[in-house]
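Residue-level listing of the chains:
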Amino acid sequence: MTRPKIAAAVCLFGLVLILIAGALMMIPAGVALHVTPADADTPILVLPLAPGERFCLHYYHSVENTPIWEDHSMDRSGTIFIEEERYEKFGAGMGKMPGIGQMVQKGKYEAIVDMHYPVNTFVLRVGSPKVAHTLIWRGQQFNLSNQFAHQRVWLSGRPVKLYQAVSYLFSSGRAGSWPEST
C-alpha cells in the first residue's frame, strides 16, 4: 500500500472514531440537580445523580428548632420526587398528607416513608444560618443558609447527556465541590 493510501486510511479511521465518540457523548447519562438563585440564570450548584438516587434537604424547623430531613429522588426525565420526611417533633407545617406515604417510627424520629410524591421544580426560601438549610449529596453537605440566607433558590432536575456528565466531573465549583461546603 502506498503512503497516500495509508494516510487516507488513517484519516478515515480517525474520522470514524470521532463520529462514534461524538454519538456516544450524546447518549443519556443520568440526571442532575440544579440549584439556581431565583434572580439568576446560572446554577450555583449542579449535582449529577443516577435516576432514583437520593439527595437530602436537611434543616431545623424555624418555630420548633428541631431537625427535619427530606429525602428526594429524580426520575430519568428530571422530575423531582419527595420520598421520605423524618422529624423529631411534629411542628407547624409538618405531618402526613392524606393518601401519600405511611407514618412509621425510626428510632426517636417520626417518618413518612414510601411517599414518591412529585414536586417537580420547586423554589426554596433559604432560611437563616439557624435554620441551616443543607443539601446532602453522596455524603457531602452544602449549607445553603451560609451562602444564601433569606434568598429564594430553584431546585430543578434535568436529564444529562454523557458529555455534560464528563464536563461536570472536570469543572470546578459545579459538581459537588462548593468551596463553602460544611
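Reading the values: rules and limits
- Residues numbered from 1 in each chain as written.
- Predicted model: local features only at pLDDT ≥ 70, side-chain atom pairs only at ≥ 80, totals over all residues.
- Heavy atoms only, no water.
- Helix = DSSP H or I, 4+ residues; strand = E, 2+ residues; numbered from the N terminus.
- Buried < 20%, exposed > 50% of the residue type's maximum accessible area, 1.4 Å probe, protein only.
- pLDDT = per-residue confidence, 0-100.
- Contact = heavy atoms within 4.5 Å.
- Core = buried A, V, L, I, M, F, W, Y, C linked by side-chain atoms within 4.5 Å.
- Pairing = 2+ DSSP bridges.
- Phe/Tyr/Trp six-rings, centres within 6.5 Å; stacked < 30°, edge-to-face > 60°.
- Salt bridge = Lys/Arg side-chain N within 4 Å of Asp/Glu carboxyl O.

Structural notes on unusual backbone geometry
Note: most peptide bonds trans; most residues except glycine with negative phi. A positive phi is found at Arg138, a non-glycine position, where the angle reads about 50°. By the secondary structure assignment, Arg138 is in the loop between strand 10 (134–137) and strand 11 (140–143). At His150, a residue that is not glycine, the phi angle is positive and equals roughly 65°. A relative accessible area of 57% means that His150 is categorised as exposed.

A closer look at the confidence of the model for the protein
Averaged over all residues, the pLDDT of the protein equals 82, while 77% of them reach at least 70. In the model of the protein, helix 3 (residues 162–170) stands out as the element of lowest mean pLDDT, 65, in contrast to strand 10, which has the highest, 96. Scored below 50 in pLDDT, residues 172–182 shows 33 contacts in the model against residues more than four places distant or in partner chains.

Describing the nonpolar core
If you look at the biggest cluster of nonpolar residues, it comprises 28 residues, and the most contacted ones within it are Leu33, Val35 and Leu135. Here Leu33 is in contact with Leu45, Val46, Leu47, Leu49, Phe55, Met74, Ile80, Leu135, Leu155 and Ser156, once residues within four sequence places are set aside.

Thoughts on the pairing of strand 7 (residues 109–113)
Regular strands show a simple pattern: their side chains alternate between the two faces of the sheet. Pairing of strand 5 (residues 80–87) with strand 7, which is carried by three bridges, proceeds in the antiparallel orientation. Each bridged residue has a counterpart across the sheet, and for Tyr87 the counterpart in strand 7 is Glu110. Here strand 6 (residues 102–106) pairs with strand 7 via five bridges, running antiparallel. Note on strand 7: the bridge partner recorded for Val104 is Ala111. With antiparallel pairing between neighbouring strands as the criterion, strand 6 and strand 7 make up a hairpin whose turn holds two residues, including Gly107 at a positive phi of roughly 65°.

Structural notes on the packing of aromatic side chains
Enumeration over the complete set of coordinates arrives at two aromatic pairs. Measuring from centroid to centroid gives 5.0 Å for Trp69 and Tyr109, while their planes differ by 80°, and the two rings are edge-to-face. Of the two residues, Trp69 is situated in strand 4 (residues 67–74) and Tyr109 in strand 7; the sequence distance between them amounts to 40 residues. Judged by relative accessible area, which is 17%, Trp69 ranks as buried. When the centroid spacing of 6.5 Å and the interplanar angle of 45° are considered together, the rings of Trp137 and Phe142 count as tilted. Each member of the pair, Trp137 together with Phe142, is buried.

Looking at the pattern of salt bridges
Oppositely charged side chains are able to pair whenever their charged atoms sit close together. Taken as a whole and judged by the stated rule, the model has seven salt bridges. Among the salt bridges present, the one from Glu84 reaches Lys106, with a minimum N-O distance of 2.9 Å. Placement of Glu84 in strand 5 and of Lys106 in strand 6 is noted, with a sequence separation of 22 residues between them. For Glu84, a relative accessible area of 7% gives the class buried. Among the salt bridges present, the one from Glu88 reaches Lys108, with a minimum N-O distance of 3.7 Å. Separated by 20 residues along the polypeptide, Glu88 in the loop between strand 5 and strand 6 and Lys108 in the loop between strand 6 and strand 7 bring together distant segments of the chain. For Glu88, a relative accessible area of 33% gives the class partly exposed. Given a relative accessible area of 56%, Lys108 falls into the exposed group. Where salt bridges share partners, they join Arg54, Asp71, Glu84, Arg86 and Lys106 into one cluster.

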